[in-house]
Amino acid sequence: MFSIYIHYPFCASKCAYCDFVSRPGASHEERAAYDDLVLAEIAGAAARAPISSRHAADTIFFGGGTPSLMDPRAVARIIKEIDLRFGIRQGAEISMESNPASRNADEWLEGARAAGVNRLVVGVQSLDDKELAFLGRAHNARQASSFFAKARAADFYSVGIDLIYGLPGQRLTDWKKTLEEAVAMNPDHVSLYCLEAPPGTRLAADIESGKIKPLDGDAQADMYFAAARALESSGRACYEISNFSLPGSECRHNLVYWLGGDYLGVGLSACSCIGGERVENERDFSRYKEKVERGERPARCSERLSYPRRLRESAAMALRTSAGFVSPDIHSVHGRALEADLAALERDGFIETKPSGARALLPDKRFVSDTAFSRLI
Ligand code: SF4
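Residues numbered from 1 in each chain as written. Predicted model: local features only at pLDDT ≥ 70, side-chain atom pairs only at ≥ 80, totals over all residues. Heavy atoms only, no water.

**With respect to the site of the ligand**
Part 1 of the argument: Cys11, Ser13, Lys14, Cys15, Tyr17, Cys18, Phe20, Ser22, Gly65, Thr66, Asn99 and Arg137 make up every residue found near the ligand.
Part 2 of the argument: Classifying every residue of the shell around the ligand gives 5 nonpolar, 5 polar and 2 charged. (Near = heavy atom within 4 Å. Nonpolar A, V, L, I, M, F, W, Y, C, P; charged D, E, K, R; others polar.)

Right, here's the structure in full:
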């Protein structure tokens, strides 16, 4: 499997909790110039890639930022460029994140679909107006439901939603109400995010100054498990710790990350991992632009992962999924050392061995998975 991620670093406004590389207030000209840089980076990446790593894309994912601010004609040009330089497989999944605040929703959805996007993720986050205002989202609950309904009618094969839980002051009953309304919207896919306050965000500053008191971990865990119960009982299986899907609507793009496939990241701050080399693109717009215009790889840093590191990271990632992890190597020194650590995790009640022989995280340990995974890496 080979995947391509396109990062679109512009938003209408900045959410309180956001530390993604995303900037509000860019002009139309700046955004159009960025589209051209993305096209140039795709061409450069293909020209530099050895033939052996120039595979046709199985999945493409437009993330951000707010890719639904993109002109659908630019989306079509980028998809065409990928097809020209790398190829796109028949039946490829082409996903895009979208913000319910997008203007001219009908026209934009039709344009995105015509450009080739076939899977849409709607950033609903909450169906409570007070919570949305607290998060600094640029939309309210009514706009989120209405945008979702329009996306549903626009012939994407899958329309999913993102939800955030664990807000300061949020009660379990508030969260259950959002969940109930979200399930009633009938999304094909739901991704859950536990609210964090990364350094440098407005939310982190408010917590530090004492203005806001974060919710404690136990309350957040209760919310996670309430969501898992609601989503699983509505037929959406938990195929990765925070991702739930109707059968056939799993995000194939993210499965490439979790199951150790190769991926090329294009755009500001995008990450790639191909053949064991991990590269992170420049996060600064000017430096990114200069490098792309000089025909260079716009890398900020890169590292070649050692064999034991790759083996252990692939175990930690695959254990996040319901498919679990089967070690490709139990004979080398490194393979045996990993086996010993997995056996210890199983003894301590974090993971189990399924009848298929794969190791998988036990459902009641999903909220403390980081503790388990930190013992592997
Ligand atoms: S819409 Fe997404 S990327 Fe943009 S500021 Fe909000 S959280 Fe960040």
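**Some words on the domain arrangement of the protein chain**
Size of an interface: often given as the accessible area lost when the parts come together.
Part 1 of the argument: We note that the domain assignment places domain 1 (2-256) and domain 2 (306-377) within the protein chain.
Part 2 of the argument: Here domain 1 and domain 2 have C-alpha centroids that lie 28 Å from each other.
Part 3 of the argument: At the interface, 15 residues of domain 1 touch 10 residues of domain 2.
Part 4 of the argument: Carbon and sulfur atoms make up 63% of the surface buried where domain 1 meets domain 2, a total of about 900 Å² over both sides.
Part 5 of the argument: Taken together, the links from domain 1 to domain 2 amount to 2 salt bridges. (Domains from an automatic or database assignment. Contact = heavy atoms within 4.5 Å. Buried area = accessible area lost by both parts, 1.4 Å probe. Salt bridge = Lys/Arg side-chain N within 4 Å of Asp/Glu carboxyl O.)

**Topic: the pairing of strand β13 (residues 277-281)**
Part 1 of the argument: Two strands pair when backbone bridges link them, and strand β12 (residues 271-274) and β13 are joined in this way by 4 bridges, in the antiparallel orientation. By the bridge assignment, cysteine 271 is partnered in β13 with glutamate 280.
Part 2 of the argument: Hairpin connection between β12 and β13: a loop of 2 residues separates the two successive antiparallel strands, and glycine 275 in this loop has a positive phi of roughly 60°.
Part 3 of the argument: Two strands pair when backbone bridges link them, and β13 and strand β14 (residues 299-304) are joined in this way by 5 bridges, in the antiparallel orientation. Counted as the bridge partner of arginine 278 is glutamate 303 from β14. (Pairing = 2+ DSSP bridges. Helix = DSSP H or I, 4+ residues; strand = E, 2+ residues; numbered from the N terminus.)

**Brief notes about helix α8 (residues 217-233)**
Part 1 of the argument: Helix length check: α8, at 17 residues, gives a terminal C-alpha distance of 24 Å against a target of 24 Å (1.5 Å per residue), a fit within 8%.
Part 2 of the argument: Contacts made by the buried residues of α8 are with β7 (158-165), α6 (172-184), β8 (189-194), β9 (237-240) and β10 (243-245).
Part 3 of the argument: Backbone nitrogen of aspartate 218 and a side-chain oxygen of the N-cap are separated by 2.9 Å at the start of α8; the cap is aspartate 216.
Part 4 of the argument: Looking one or two residues past α8, glycine 235 carries a phi angle of roughly 95°, positive in sign. (Expected span 1.5 Å × (residues − 1). Polar contact = N/O pair within 3.5 Å; in protein donor to acceptor, adjacent residues only side chain to side chain.)

**Considering the layout of surface pockets**
Part 1 of the argument: Taken as a whole, the second largest pocket holds about 710 Å³ of empty space.
Part 2 of the argument: In terms of lining, the second largest pocket is formed by 28 residues, of which the most central are Arg31, Ser68, Leu69, Met70 and Asp71.
Part 3 of the argument: Mapped onto the lining of the second largest pocket, the elements with two or more residues apiece are β2 (10-11), α1 (28-48), α2 (72-85) and α3 (105-115).
Part 4 of the argument: For the lining of the second largest pocket, the class distribution of residues is 12 nonpolar, 8 polar and 8 charged. (1 Å grid on protein atoms, 1.4 Å probe; cavity = no way out; pocket = protein on both sides within 12 Å on 5 of 7 lines; lining within 4 Å. Points joined across faces, edges and corners; volume = space filled by probe spheres on them.)

**Side note on unusual backbone geometry**
Part 1 of the argument: Of the consecutive residues glycine 64 and glycine 65, the connecting peptide bond is found in the cis state with omega at 20°.
Part 2 of the argument: In this fold, glycine 65 is placed in the loop between β4 (57-64) and α2.
Part 3 of the argument: Of note in this structure, glutamine 125 is not a glycine but carries a positive phi near 70°.
Part 4 of the argument: Along the chain, glutamine 125 turns up in strand β6 (residues 119-125).
Part 5 of the argument: Overall, glutamine 125 belongs to the buried group, its relative accessible area being 7%.
Part 6 of the argument: In the Ramachandran plot, aspartate 155 falls in the positive-phi region, its phi being about 70° despite a non-glycine side chain.
Part 7 of the argument: The exposed category is assigned to aspartate 155, whose relative accessible area is 56%. (Buried < 20%, exposed > 50% of the residue type's maximum accessible area, 1.4 Å probe, protein only.)

**Quick look at the nonpolar core**
Part 1 of the argument: Counting 82 residues, the largest nonpolar core has Ile6, Phe62 and Leu192 as the members making the most contacts within it.
Part 2 of the argument: Per-element tally for this core: the top contributor is α1, with 7 residues.
Part 3 of the argument: Both domains that furnish three or more residues to this core are identified here as domain 1 (2-256) and domain 2 (306-377).
Part 4 of the argument: Not counting residues up to four positions away in its chain, the partners in contact with isoleucine 6 are Val38, Ile42, Ile60, Phe61, Phe62, Gly63, Ile78, Ile82 and Val266.
Part 5 of the argument: Of all hydrophobic cores here, the second largest spans 9 residues; its members include Cys15, Tyr17, Ile164 and Leu167. (Core = buried A, V, L, I, M, F, W, Y, C linked by side-chain atoms within 4.5 Å.)

**Observations regarding the packing of aromatic side chains**
Part 1 of the argument: Under the defined criterion, the tally for this structure stands at 12 aromatic pairs.
Part 2 of the argument: Look at tyrosine 8 and tyrosine 34: their rings are 6.0 Å apart centre to centre, the planes differ by 75°, and that puts the pair in the edge-to-face class. With tyrosine 8 in strand β1 (residues 2-8) and tyrosine 34 in helix α1, the pair connects residues that are 26 residues apart, well separated along the chain.
Part 3 of the argument: Under the relative-accessibility criterion, tyrosine 8 is labelled buried at 2%.
Part 4 of the argument: Seen in terms of ring centroids, tyrosine 257 and tyrosine 263 are 4.6 Å apart; in terms of plane orientation they differ by 70°. Their pairing is edge-to-face.
Part 5 of the argument: On the accessibility criterion, tyrosine 257 (24% relative accessible area) is partly exposed.
Part 6 of the argument: An aromatic cluster of three or more residues is present, and its members are Tyr8, Phe10, Tyr34, Phe285 and Tyr288. (Phe/Tyr/Trp six-rings, centres within 6.5 Å; stacked < 30°, edge-to-face > 60°.)

**What about the packing of α6 against α8?**
Part 1 of the argument: Running from N to C, α6 and α8 point in directions that differ by 25°, and their axes come no closer than 10 Å. Between α6 and α8, the angle is such that the two are roughly parallel. For the crossing formed where α6 meets α8, the hand is right-handed. Of the residues in α8, those in contact with Leu172, Trp175, Lys176, Leu179 and Val183 of α6 are Asp222, Met223, Ala226, Ala227, Ala230 and Leu231.
Part 2 of the argument: Counted by class, the contact of α6 with α8 contains 9 nonpolar, no polar and 2 charged residues. (Axes fitted to C-alpha atoms, helices over the stretch in contact; angles between N-to-C directions. Parallel < 35°, antiparallel > 145°, perpendicular 65-115°, else oblique. Left-handed = near helix turned anticlockwise from the far one by under 90°.)

**Side note on the pattern of salt bridges**
Part 1 of the argument: In this structure the tally under the stated criterion is 28 salt bridges.
Part 2 of the argument: For glutamate 240, the salt bridge is made with arginine 320, and the minimal N-O distance between the two is 2.6 Å. Placement of glutamate 240 in strand β9 and of arginine 320 in the loop between α11 (307-318) and α12 (333-347) is noted, with a sequence separation of 80 residues between them.
Part 3 of the argument: A salt bridge links glutamate 296 to arginine 294, with the shortest nitrogen-to-oxygen separation between them at 2.8 Å.
Part 4 of the argument: Given the relative accessible area of 52%, arginine 294 is considered exposed.
Part 5 of the argument: The network of salt bridges with common partners includes Arg278, Glu303, Arg309 and Glu313.

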